[in-house]
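Okay, here's what each chain looks like letter by letter:
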Amino acid sequence: MAKPKKHIDHLIRDWPYEFGDVAAREVTGADGRKVVQMRIDLGVLQMEIAGRPDGWRPEGFDTYFDHLLSLAFDEGEEFRLDSERRMEVDREFVQFYHRRIAWLALREFRRAVLDADHTLALMDFSSAHSPSEDWADLHEQYRPFVLFHRTQAAALAEVDDLDPEAAVDAIESGIERIQQVFADQEIDLELDEDDDGLIDKLLELKNALSEHYELEPPLSEQLAEAIAREQYELAAKLRDRMASKPHRKM
């Protein structure tokens, strides 16, 4: 009886890595379950499509974050993020980052939004319970980047659903959230280069969608222009339209 192969030479050979390219695919596992794979320079990452990407269910929970929420409830004021818990939080951040990137490459935008929301919620929790500001900052520095991915994914999901107006709304909402983070972190966008033009890229996407679908300017922009021109009757009508517009949440 031939010994099972333990190497992945065939995977590496048949799926070459290209620097700068995020290559991902959804495949079927040996037991019939769907998994997502991402090609990296040192091999292939394989991730579960739900729960934790590595498939681990800590104490029966879907994610380590869910487990932490249970511990915080049980331990009350005694709850602490000790070194072991902080290590597991860091692991979960990295795993969800990899899968979020894979979902974006696969144009699975709704799934990318869900994974981004998980990361943001875990970031909120870990920052609130962080034993030090430095450890919290290790994660908080990436909040604008996660929000950027979330905004992109939310907008493109609406485009896939043939609702470009909702896509523009998602971009505007995302930009506001990113700007608020920069304000909270006291970052001057005119002087800081670490944002890597995130807002500019979202504005480019918004303008491209508006031009392609021949959309009228968002109500907020129309309102600002009406007020600037002292067209107060029009401004009142626009405010009424904004108030009656259904709130979308991605």
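Let me begin by describing the structure that accompanies this report. (Residues numbered from 1 in each chain as written. Predicted model: local features only at pLDDT ≥ 70, side-chain atom pairs only at ≥ 80, totals over all residues. Heavy atoms only, no water.)

Some details on a nonpolar patch on the surface
Among the surface-exposed residues, Y97, Y142 and F145 lie close enough to one another that they form a single nonpolar patch of about 280 Å² accessible area. Examined against the element boundaries, Y97 turns out to sit in helix α3 (residues 83-105). Judged by relative accessible area, Y97 falls into the partly exposed class, the value being 34%. (Patch = residues over 30% accessible without salt bridge, like charges linked within 9 Å, V, L, I, M, F, W, Y side chains within 5 Å. Areas by Shrake-Rupley, 256 points an atom, 1.4 Å probe, with all protein chains shown as cover. Salt bridge = Lys/Arg side-chain N within 4 Å of Asp/Glu carboxyl O. Helix = DSSP H or I, 4+ residues; strand = E, 2+ residues; numbered from the N terminus. Buried < 20%, exposed > 50% of the residue type's maximum accessible area, 1.4 Å probe, protein only.)

Topic: the sheet that holds strand β3 (residues 43-48)
Taken together, the three strands give an open sheet; going across it, the order is β1-β2-β3, and neighbouring strands pair in antiparallel fashion. Bordering the open sheet on either side are β1 (23-28) and β3, each of which pairs with just one other strand. Taken pair by pair, the neighbouring strands of this sheet meet at an average axis angle of 30°, ignoring direction. The pairing of strand β2 (residues 34-40) with β3 spans six bridges and is antiparallel. Bridged to V36 within β3 is M47. (Pairing = 2+ DSSP bridges. Axes fitted to C-alpha atoms, helices over the stretch in contact; angles between N-to-C directions.)

A short note on the side chain of R150
Of note, R150 is situated in helix α6 (residues 143-160). A polar contact is formed between the side chain of R150 and the side chain of D117, at a distance of 2.6 Å. (Polar contact = N/O pair within 3.5 Å; in protein donor to acceptor, adjacent residues only side chain to side chain.)

Some points on the nonpolar core
With 48 residues, the main nonpolar core has L68, F79, V89, I171, I178 and L209 as its most contacted residues. Every element with two or more residues in this core is listed here: β2, α2 (64-75), α3, α4 (109-128), α6, α7 (164-184) and α8 (198-212). With near-sequence residues (within four places) excluded, L68 lies in contact with F79, L81, R85, V89 and F125. (Core = buried A, V, L, I, M, F, W, Y, C linked by side-chain atoms within 4.5 Å. Contact = heavy atoms within 4.5 Å.)

A word on the packing of α7 against α8
It is the contact of α7 with α8, at a shortest axis distance of 10 Å, that shows an interaxial angle of 165°. One element, α7, and the other, α8, form an angle in the roughly antiparallel class. In this structure, α7 crosses over α8, and the sense of that crossing is left-handed. Mapping the contact onto sequence places A167, V168, I171, E172, I175, I178, Q179 and F182 in α7 and I199, L202, L203, L205, K206, L209 and S210 in α8. Tallied by class, residues from the contact of α7 with α8 come to eleven nonpolar, two polar and two charged. (Parallel < 35°, antiparallel > 145°, perpendicular 65-115°, else oblique. Left-handed = near helix turned anticlockwise from the far one by under 90°. Nonpolar A, V, L, I, M, F, W, Y, C, P; charged D, E, K, R; others polar.)

Examining the packing of aromatic side chains
Each aromatic ring pair is described using two quantities: the centre-to-centre distance and the angle formed by the ring planes. Considering all chains together, one arrives at three aromatic pairs under this definition. Seen in terms of ring centroids, W56 and Y64 are 6.1 Å apart; in terms of plane orientation they differ by 20°. Their pairing is stacked. With centroids separated by 5.7 Å and ring planes inclined at 65°, the aromatic side chains of F79 and F125 adopt a geometry described as edge-to-face. Within this pair, whereas F79 is found in the loop between α2 and α3, its partner F125 is found in helix α4, the two being separated by 46 residues in sequence. Owing to a relative accessible area of 5%, F79 belongs among the buried residues under this scheme. Members of the aromatic cluster, connected to one another through ring pairs, are F65, F79 and F125. Stacked on the ring of W15, the Lys or Arg R25 has its end atom at 3.8 Å from the ring centre. (Phe/Tyr/Trp six-rings, centres within 6.5 Å; stacked < 30°, edge-to-face > 60°. Lys NZ or Arg CZ within 6 Å of the ring centre and 35° of its normal.)

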